[in-house]
Each structure stands twice: as structure tokens, then as C-alpha cells.
Amino acid sequence: GLGDRCVRCSLRLLSRRQQWSSDEKCVGPAVMLGMILAPEHLERVIDRGPSAQQEEASKHFRELWGPDKAELRRFKDGSILECVVWKKPERRTVESRKEPAVVTQIVHHLLSRHIRVQTEVISGPIGFVENLGEQERRLWITFDTFRTHLCQLSSLPLAIKDIH
């Protein structure tokens, strides 16, 4: 589902037995998924699928994304393709539940569509981390601002592309 956005991923099963929490909700096996993402594709909001003429491929595309997400679109070059459109967050700083990153939207959509259990996605340092306090959240925002300023410096002999 992430396509060329994901360069490499690793999956680890953290817990095998099912447990019951104090509020009687079932907590099943916990899985941790780590990904290395390609920054040049992270903010792409339209994922192009197969041509409408490729019936079998279009069918699989619609099964993957569902009728609520997959749609046919005509492009300027005249091609008609199956597509999925994501909402681009307005802010580029720390991801939030109100403005999830495109990758987080994709993961949430695929998990809720194909694994019909309650799932929780917690992104890493450049995304939303649920248990960050106000001080840590301000630190991430400050770091992002600092990174942006460094990348915009034009007086250096070499350009700074990114800081992690």
C-alpha cells in the first residue's frame, strides 16, 4: 500500500498471548512495524494505479483500497487511471490526529480495511507520538523550525538538504 514511499520495513511480534485489560477490552497481540521511508515520496497525495482498461489489475486495486477510496481519474495526458487521493496536512511540523501525515493515513486506512480489529498507530520522531508531554512536543517543533532554517541557508558553500 505504501509503494515507493517505503524503502525497507521490519515487523516484530511483541506479544503472543491475548490479555484482558481492566476496562474489559481485549488487547490482542502487539506488533511493532519499523519503516525506512523515501522522503521524496512522503507528501505525494495521489497514488496512481492501473489503467481502467486493465480489468484484472483494476479489480485488485479496488479490492485493496475499497470503493470509498479508489476512484477513476483522467489526467492531462489523456490517461484514465485508478487512483487513491489522500488529504495533505496543512502544517509541516509535528503530525497530529487532526492532521495525520499521508503515510499515517495510508497505514490507518489499510489496517482498518483489512484487519478489522482496533489498531493504534504511533508514528516516530517526525510524526505524532501519543505519550509526548507538552515540553517534548515543543522540543520537536523547535527542532523542526531549526532544521527548516538550516536548510534554507544560502550563504554556505554547500546546501544542507535535511537534518535527522
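Counting starts from 1 at the beginning of each chain's written sequence and moves along it residue by residue. Only residues with pLDDT of at least 70 are given local features in this predicted model, and only at 80 or more are side-chain atom pairs given and counted; all residues enter the totals for whole chains, interfaces and linings. Side-chain metrics rest on all non-hydrogen atoms present in the structure, leaving aside hydrogens and water.

Let us now look at the overall build of the chain. Labels follow the DSSP assignment, with helices taken as runs of H or I lasting at least four residues and strands as runs of E lasting at least two, numbered in each case from the N terminus. Check the secondary structure of the chain and you find three helices and seven strands. From first element to last, N terminus to C terminus, the chain shows the α and β order β-β-β-β-β-α-β-β-α-α. Every residue pair with non-hydrogen atoms within 4.5 Å of one another is taken to be in contact. Sequence-distant contacts, at least 24 apart, represent 49% of the contacts inside the chain between residues at least 6 apart. Surface summary for the chain: the accessible area is close to 12,500 Å², and the carbon and sulfur share equals 56%. Shrake-Rupley sampling with a 1.4 Å probe provides the accessible areas, and residues are treated as covered by the protein chains on show and by no other component.

Let us look at the side chain of Ser 58. Take Ser 58: it is sitting in helix α1 (residues 55-65). The classification of residues rests on relative accessible area computed with a 1.4 Å probe and restricted to protein chains. Under 20% of the type maximum is buried, over 50% is exposed, and intermediate values are partly exposed. Using a relative accessible area of 7% as the deciding quantity, one classes Ser 58 as buried. Setting aside residues up to four positions removed in sequence, Ser 58 forms contacts with Pro 50, Ser 51, Ala 52 and Glu 82.

This part covers the packing of aromatic side chains. Paired rings are identified among Phe, Tyr and Trp, the last through its six-membered ring, by centres lying within 6.5 Å, and are further divided according to the angle between planes into stacked (under 30 degrees), edge-to-face (over 60) and tilted (the rest). A full pass over the atoms with the stated rule returns two aromatic pairs. Three or more aromatic residues link up through ring pairs in this structure, and these residues are Phe 61, Trp 65 and Trp 86. Only lysine NZ and arginine CZ atoms are considered, and such an atom sits over a ring when it is within 6 Å of the ring centre and within 35 degrees of the ring normal. Against the face of Phe 75 rests Arg 48, its NZ or CZ located 3.7 Å from the ring centre.

Quick look at the sheet that holds strand β6 (residues 70-74) now. At least two DSSP bridges between two strands are needed for those strands to be called paired. Across the sheet, three strands lie side by side as β5-β7-β6; this open sheet has antiparallel pairing. This sheet does not close on itself; its edge strands, each paired only once, are β5 (46-51) and β6. Across the sheet, the axes of successive neighbouring strands diverge by a mean angle of 40 degrees, strand direction being ignored. Judged from the four bridges that link them, β5 and strand β7 (residues 80-85) form a sheet pairing that is antiparallel. Counted as the bridge partner of Ser 51 is Leu 81 from β7. The angle between two axes is taken between their N-to-C directions and runs from 0 to 180 degrees, where each axis is a line fitted to C-alpha atoms and a helix contributes only its stretch in contact.

For every residue, the predictor assigns a confidence score, pLDDT, that lies between 0 and 100. Mean pLDDT over the chain works out to 78, with 74% of the residues at or above the 70 mark. In the predicted structure, residues 18-24 sits below a pLDDT of 50 and forms ten contacts with residues beyond four places in sequence or in another chain.

It is worth spelling out α1 at this point. Among the residues of α1, those classed as buried are Ser 58, Phe 61 and Trp 65. Projected down its long axis, α1 carries its buried residues within an arc of 60 degrees, all on one side. Buried residues along α1 sit in contact with β5, β6, β7 and α2 (102-114). With its phi angle positive at about 90 degrees, Gly 66 sits one or two positions after the end of α1. Along the arc lie the directions from the helix axis toward the C-beta atoms.

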